[in-house]
Amino acid sequence: MPELPEVETTRRGLEPHARRRRIVKVSLYERRLRWPVAARLASSVKGQLLKRVGRRAKYLLLELEAGTLLLHLGMSGNLRVVPAQAPRRTHDHFDLVLDSGKALRFNDPRRFGSLIYTRGDPLAHPLLARLAPEPFDAAFDAAYLHRVTRRRRVAIKQLLMNSQLVVGVGNIYASEALFRARIAPRRQARTLTHAEAARLVRAVRAVLAQAIRSGGTTLRDYLGADGAPGYFRQRLYVYERAGEPCRRCGTAVRAITQGQRSTYYCPHCQR
Ligand SMILES: [Zn+2]
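This structure is a prediction, so every number in the text was calculated from the model and none was measured. (Residues numbered from 1 in each chain as written. Predicted model: local features only at pLDDT ≥ 70, side-chain atom pairs only at ≥ 80, totals over all residues. Heavy atoms only, no water.)

## Concerning the coordination of the zinc ion
Short version of the rule: Only nitrogen, oxygen and sulfur atoms count as donors, using a 2.8 Å cut-off from the metal that widens to 3.2 Å for Na, K and Ca. Water is left out, so coordination shells may look unfilled. Donor angles set the geometry label: tetrahedral for four donors if every angle is between 85 and 135 degrees, square planar for four and octahedral for six if opposite donors exceed 155 degrees and the others are between 65 and 115, irregular for anything else. The helix and strand labels rest on DSSP assignments: H or I over at least four residues marks a helix, E over at least two residues marks a strand, and numbering proceeds from the N terminus. Accessible area is worked out with a 1.4 Å probe on protein chains only. A residue is then buried under 20% of its type maximum, exposed over 50%, and partly exposed in between.
On the protein side, the zinc ion has Cys246 (SG), Cys249 (SG), Cys266 (SG) and Cys269 (SG) as donor atoms, found 2.2 to 2.4 Å from it. With four donor atoms in place around the zinc ion and angles of 102 to 114 degrees between them, the coordination shape is tetrahedral. All donors to the zinc ion come from one chain, and their sequence spacing reads C-x2-C-x16-C-x2-C. Of this pair, cysteine 246 sits in the loop between helix 7 (230–233) and strand 9 (254–258) while cysteine 269 sits in the segment after strand 10 (261–265); the two residues are 23 residues apart in sequence, bridging distant segments of the chain. The class of cysteine 269 is buried, set by a relative accessible area of 12%.

Here's what the structure looks like:
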């Protein structure tokens, strides 16, 4: 599943191709995505200048002159830059054809992605208005994390993945960030000290920034986001390394299940 770093990698790869380009046509091949694509979306969007490509959580925000396209990659989606004439492949669901002769082409086998056009402030759209802070926002700091964990008995690993606390920390990144912060994944969230909250904020940012940087190096005319970040895997400390020696202390990495997701940690380094 595309996680925040893959979506950000897609955004960065898309931006130079999309910025200041006009959308000359929208070709919609399959309207049945997670929510049906509005029938009038194509006529609303056609002819508009694409001003910039932004992101909020895992939504790409294609900012147009009169509104914004909110695009979510879902479980299996990707958005590629292709020549507009390139033959369609299975599961290609729409093209945003640009005045450069290229198209932004959306492919999504499972069709959990979505495409919505909104004329108002995109951040006030019901899908985005209530999202928690971005991990790189100033609002996500030690004081915030310490405050919102005070009465939570839930394990810190699970809380970290809760998008009502902070957006974009998926399963891989949660395990990796807790390792870097030296915090055991099963600790009750409310037991975190202020210093630990500060370490965890730094670790979350470092892990995501590294993933984004790694993704950025693979860019060419397209843009990542196939859900298999193999490039990132080589640098992982604990994720999918059960039984292998901890890269810091040599103790065997352990795997447990929390909330039906696998968690990896070092029982010596993380307390
Ligand atoms: Zn260790």
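## Overview of helix 5 (residues 171–181)
By the criterion of burial, helix 5 is predominantly enclosed, with ten of the eleven residues buried. Here helix 5 has its buried residues at Asn171, Ile172, Tyr173, Ala174, Ser175, Glu176, Ala177, Leu178, Phe179 and Ala181. Phi turns positive, to about 60 degrees, at arginine 182, one or two residues after helix 5.

## What to know about the confidence of the model for the chain
Caution is warranted with low-pLDDT regions, since their predicted coordinates should not be read in detail. Cut-off, in case you're wondering: Per residue, pLDDT captures the predictor's confidence, and it can take any value from 0 to 100. Here, two residues are considered to be in contact whenever any of their heavy atoms come within 4.5 Å of each other.
Confidence in the prediction for the chain averages 92 pLDDT; 93% of positions are at 70 or higher. Across residues 216–231, where pLDDT falls below 50, the model places 31 contacts with residues more than four positions away in sequence or in other chains.

## Overview of the sheet that holds strand 7 (residues 102–107)
So the rule is basically this: Each pair of strands is called paired provided DSSP finds at least two bridges between the two strands. Helix axes use the C-alpha atoms of the stretch in contact, all axes being lines fitted to C-alpha atoms, and the angles between their N-to-C directions lie in the range 0 to 180 degrees.
Ordered by their spatial adjacency, eight strands build an open sheet running 5-7-6-1-2-3-4-8, and the pairing between neighbours is antiparallel. Taken across any chain shown, the strands that pair with only one partner, and hence form the sheet edges, are strand 5 (78–83) and strand 8 (114–118). Looking at each pair of strands side by side, their axes are set apart by 30 degrees on average, direction ignored.

## Quick look at the pairing of strand 1 (residues 21–28)
Bridge count between strand 1 and strand 2 (residues 49–56): two bridges; the pairing is antiparallel. By the bridge assignment, arginine 21 is partnered in strand 2 with leucine 50.

## Focus on the nonpolar core
For the record, the criterion: Buried Ala, Val, Leu, Ile, Met, Phe, Trp, Tyr and Cys residues form a nonpolar core when they are joined through side-chain atoms within 4.5 Å.
Membership of the largest hydrophobic core comes to 35 residues, with the highest contact counts inside it found for Leu200 and Val204. Those elements giving two or more residues to this core turn out to be helix 3 (142–149), helix 4 (156–160), helix 5 and helix 6 (194–217). In terms of residue count, helix 6 provides more of this core than any other element does, eight residues in total.

## Quick word on the packing of aromatic side chains
We apply this condition: Pairing of aromatic rings covers Phe, Tyr and Trp, the last through its six-membered ring, and needs centres within 6.5 Å; plane angles under 30 degrees mean stacked, over 60 mean edge-to-face, and all others mean tilted.
In this structure the tally under the stated criterion is four aromatic pairs. When the ring of phenylalanine 179 is compared with that of tyrosine 237, the centres are 5.1 Å apart and the planes differ by 25 degrees; the resulting orientation is stacked. Here the residue phenylalanine 179 occupies a position in helix 5, and tyrosine 237 occupies one in the loop between helix 7 and strand 9, the gap between them amounting to 58 residues. Between tyrosine 239 and tyrosine 264, the ring centres sit 5.2 Å apart and the planes meet at 70 degrees, which makes this aromatic pair edge-to-face. Placement of tyrosine 239 in the loop between helix 7 and strand 9 and of tyrosine 264 in strand 10 is noted, with a sequence separation of 25 residues between them. Since its relative accessible area comes to 12%, tyrosine 239 is described here as buried.

## Regarding the pattern of salt bridges
For clarity, the cut-off: Salt bridges, as used here, are contacts in which a Lys or Arg side-chain nitrogen is within 4 Å of a carboxyl oxygen on Asp or Glu.
Across all of its chains, the model carries 15 salt bridges by this definition. A salt bridge links glutamate 63 to arginine 52; the nearest nitrogen and oxygen atoms lie 2.8 Å apart. Placement of the pair is glutamate 63 in strand 3 (residues 59–64) and arginine 52 in strand 2, with a sequence separation of eleven residues. The exposure class of arginine 52 is partly exposed, given its relative accessible area of 35%. Residue arginine 105 pairs with aspartate 92 through a salt bridge whose shortest N-O separation is 4.0 Å. Of this pair, arginine 105 sits in strand 7 while aspartate 92 sits in strand 6 (residues 92–98), and the two are 13 residues apart along the sequence. By relative accessible area, which is 1% here, arginine 105 ends up buried. Residue classification places aspartate 92 among the buried residues on the basis of a relative accessible area of 2%. Look at the salt bridges and you will find they share partners, linking Glu8, Arg11, Arg12, Arg55, Arg56 and Glu134 into a network.

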